[in-house]
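# Inside the fold
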Amino acid sequence: LLGIDFLSFGKEKLICILDFQPLSQDPEYLEKYIDPVAAIKSKYPMLDGKMSARFYDENQFFSRQMAFIRSDNDEFVMRDLFPAFKEYLAHYISMIKEATPSTDPDVIAANLQRQKDYDQYSAERDPAVNLFGFYFGHDWAERFTHDFLFEYSVPVPKDQKDLTKEEKTE
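Residues numbered from 1 in each chain as written. Predicted model: local features only at pLDDT ≥ 70, side-chain atom pairs only at ≥ 80, totals over all residues. Heavy atoms only, no water.

What follows deals with the confidence of the model for the protein. This prediction gives the protein a mean pLDDT of 87; 94% of its residues lie at or above 70. Mean pLDDT in the protein bottoms out at helix α7 (residues 158–169), which sits at 58, and peaks at helix α6 (residues 138–149), which reaches 95. (pLDDT = per-residue confidence, 0-100. Helix = DSSP H or I, 4+ residues; strand = E, 2+ residues; numbered from the N terminus.)

Below is the structure:
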């Protein structure tokens, strides 16, 4: 999966993420689909930031080749980010063109379940969800999150969200 987040809060704050989000943490899978991106990422050291583990876990749904930057200016956008984006996208398109679709129902079911797990994980942790709520209202943010961004996610009842927050702080 190709994950792309470009967030701009005026010209004062930019957050950018590019990642080939793995469907598996199997070493052979990672070697075949994720490791080749290292050559692209290494060209752009400015994109080698680390996102908070509070929002992502590179051992579940993200990769060690995630390109991440948080900046207080936009100087890097055309110099680093745009060329990196074009290379990530070109590599992704190349992989898709070379891919052989699976007809194995078990593989298809496992991939779908992995997508559902990712959507649920992201709907519960993506910091943009709270931001959408601030700007557009809670109801709109919930619909946008669960019906569009992470369509396989299921809203967590508020009382369960509160329990989850308590568990994370212990």
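Back to the write-up after that little detour.
Before going further, it helps to examine the packing of aromatic side chains. Taken as a whole and judged by the stated rule, the model has 17 aromatic pairs. Between F134 and Y135, the ring centres sit 5.2 Å apart and the planes meet at 80°, which makes this aromatic pair edge-to-face. On the numbers, 4.7 Å between centres and 15° between planes, the contact of W140 with F144 is stacked. You can see W140 and its partner F144 sitting in helix α6, four residues apart, about one turn around the helix. By relative accessible area, F144 is classed as partly exposed at 23%. Among the aromatic side chains, those forming a connected cluster through ring pairs are F132, F134, Y135, F136, W140, F144 and F148. (Phe/Tyr/Trp six-rings, centres within 6.5 Å; stacked < 30°, edge-to-face > 60°. Buried < 20%, exposed > 50% of the residue type's maximum accessible area, 1.4 Å probe, protein only.)

Turning to the sheet that holds strand β2 (residues 13–20), a few remarks are in order. Across the sheet, three strands lie side by side as β1-β2-β3; this open sheet has antiparallel pairing. With partners counted over all chains shown, the strands left at the sheet margins are β1 (2–9) and β3 (67–71), one partner each. Ignoring strand direction, the axes of neighbouring strands in this sheet form an average angle of 0°. Pairing between β2 and β3: five bridges, direction antiparallel. Note on β3: the bridge partner recorded for I17 is F68. The strands touched by helix α3 (residues 76–98) within the sheet are β1, β2 and β3, with β2 carrying the most contacts at an inclination of about 20°. (Pairing = 2+ DSSP bridges. Axes fitted to C-alpha atoms, helices over the stretch in contact; angles between N-to-C directions. Contact = heavy atoms within 4.5 Å.)

Attention shifts here to the pairing of β2. Within β2, seven of the eight residues are buried, leaving the element largely enclosed by the surrounding structure. Here β1 pairs with β2 via eight bridges, running antiparallel. Bridging from a neighbouring strand, F6 pairs with C16 of β2. Remark: three residues form the turn of the hairpin made by β1 and β2, two consecutive strands paired antiparallel; G10 in that turn has positive phi of roughly 70°.

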